[in-house]
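# Tertiary structure, described
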Amino acid sequence: MIMPVNGQSTAIFHRSLNKEYDTASSGSGVYIVHSDGSRTLDGSSGAAVSCLGHGHPVVIEAIVQQARKLAFAHSSFFTSDPAEQLAQLLIEQSAGAFTKVMFLSSGSEAVESAIKMARQYHVSRGEAGRVNFICREYAYHGNTLGALSAGFNPPRRQAFEPLLSSAFHHVSPCFFTRDAKAEEDEEAYVDRLMAEYEEMFDTLGPSSVAAVLIEPMSGATLGAVHAARGYLARLRDLCDTHGALLIFDEVMCGMGRPGTLHAWQALGNVAPDLQTIGKGLGAGYQPISAVLVGSKVHQVMQSSQSSHPFISGHTYQGHSIGCAAALATQQTIIHDNLLANVVRMGELLDRELREQVPMLKEIRGLGLFKAAEFATSPTCRIAADVARTCFSKGAAVYLCSPAVDAIVFAPPFIINEREVKELVKIVADSTKDVLEEQR
Ligand code: PLP
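The structure reproduced in this document is the subject of the present report. (Residues numbered from 1 in each chain as written. Predicted model: local features only at pLDDT ≥ 70, side-chain atom pairs only at ≥ 80, totals over all residues.)

## Brief notes about helix α10 (residues 295-302)
Taken together, the buried positions of α10 are occupied by Val297, His298 and Met301. Projected down its long axis, α10 carries its buried residues within an arc of 100 degrees, all on one side. Contact partners of the buried residues in α10: β4 (100-104), α4 (107-124), β10 (245-249), β11 (274-277) and β12 (289-293). (Buried ≥ 20, exposed ≤ 12 C-beta atoms within 10 Å, placed from the backbone. Helix = DSSP H or I, 4+ residues; strand = E, 2+ residues; numbered from the N terminus. Arc of directions from axis to C-beta. Contact = placed C-beta atoms within 7 Å.)

So this is what it looks like as structure tokens:
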């Protein structure tokens, strides 16, 4: 949740911690400029979106040029140069993991599509009984009904429960530093989680499971918690053993944010069968997401009897301006070697937070996807107040779900040393202020 201030909005009709909003008028680099001229350091890129910061001239130019050439041609009839080039680039960068790409407009749409693809894959193979999905508690996969069914953020689900699908079943999240028993090392902890998956497969009937869907790095709910060592490899084996697909949702944690293009590349190099990406793909310059499809799924669906490989379609899928913006974004990240900066600034952010912010329980995460969890009790939480105070002092940070008392940092990949230090100073000062008020 981002913390806005000042004034009512007619255009915003969703839940937020604050009832009043400020107007964002312009942006430059890591800063968003308010209508009164003051500026906010975008310490979370919104929700891990604006990876190139604001006002990037290369992306803006690519959008303008594509808009001049052709804004829209329906994907039932046409593809476009930027869509084809972007798909090629994503496939080349994924070292053989994927062979097809489907572009959509939001992370939720990508998750819905991945779920449907998994289902259609099994139907095409004559295994129509595979109707169940195993997901994890405290995951977030989006707000449309299928994605919300797959996720497990109680406050977001509660009002809609009767409408959510019963095909989604949830096992424990992977949170080694919080959930491991005193006597468990990482291997023993992963053993325990795998036994829970096995039990879930057994309960459902292994041949009824279509896929396991997880975030390799939990984002919005638990805050930058990455899979424990060996977890993804063991899960891959388990899915293969039971004939289920493995789907990674990297809408928030991927596209360079952990210092590698995909989070799974930093977590044992275990590729999924299907992967969703979004947010940083187009850096917020256009709404664009995608499903990356591995050859196993692609080949079965391509050779199935249906007239289209995948029975789906959204009006704006593969939108040429979205693809042009995302292509320019990804080319800029490569050209400017920004992942090296993600790693370097991520280390600095980690160090500075540990040194300066009081009351910390843990700093965790990879690259420029970090969380600070506070050493508070369930009855005395401070993260929401810290985030609100940060906003009033000129920095936006992302507030996790109530499952943890934590804030997330996901600044643009272009952030420099001075800006990291400015961000941490605001967070440290805000935390001290909040603690002082509570005395
Ligand atoms: N999946 C994950 C892991 C996310 O973090 C999000 C959004 O925060 C989504 C899916 C949904 O993306 P969108 O909000 O673009 O629909």
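## Here's the deal with the site of the ligand
Near the ligand, the surroundings consist of 15 residues, among which Gly107, Ser108, Gly142, Val251 and Met252 are the closest. The element that contributes the greatest number of residues to the shell around the ligand is α4, accounting for three residues. Across the shell around the ligand, the residue classes tally to six nonpolar, seven polar and two charged. (Near = placed C-beta within 6 Å. Nonpolar A, V, L, I, M, F, W, Y, C, P; charged D, E, K, R; others polar.)

## Topic: the pairing of strand β5 (residues 132-136)
With five of five residues buried, β5 is to be regarded as a mostly interior element. Because side chains alternate across β5, one face comprises the buried residues Asn132, Ile134 and Arg136, and the other comprises Phe133 and Cys135, equally buried. The pairing of β5 with strand β6 (residues 168-171) spans four bridges and is parallel. Residue pairing in the sheet places phenylalanine 133 in a bridge with phenylalanine 168 of β6. (Pairing = 2+ DSSP bridges.)

## Things to note about the packing of helix α2 (residues 57-69) against helix α11 (residues 320-335)
Close contact between α2 and α11 brings their axes to 8 Å; oriented N to C, the two are set at 150 degrees. Comparing their axes, α11 and α2 come out roughly antiparallel. Relative to α11, α2 is oriented so that their crossing is right-handed. Residues Val58, Val59, Ala62, Ile63, Gln66 and Ala67 of α2 form the contact with α11, whose participating residues are Ser320, Ile321, Ala324, Ala325, Leu327, Ala328, Thr329 and Thr332. (Axes fitted to C-alpha atoms, helices over the stretch in contact; angles between N-to-C directions. Parallel < 35°, antiparallel > 145°, perpendicular 65-115°, else oblique. Left-handed = near helix turned anticlockwise from the far one by under 90°.)

## Thoughts on the sheet that holds β4
Backbone-to-backbone hydrogen bonds pair the strands of a sheet. The strands run either parallel or antiparallel. If you trace the seven strands from one edge of the open sheet to the other, you get β4-β12-β11-β10-β7-β5-β6, paired in mixed fashion. Unpaired on one side and paired on the other, β4 and β6 mark the two borders of the sheet. When strand polarity is set aside, the average angle formed by the axes of neighbouring strands in this sheet is 20 degrees. In terms of strand pairing, strand β7 (residues 209-214) meets β10 through four bridges, oriented parallel. Paired with leucine 213 across the bridge in β10 is isoleucine 247.

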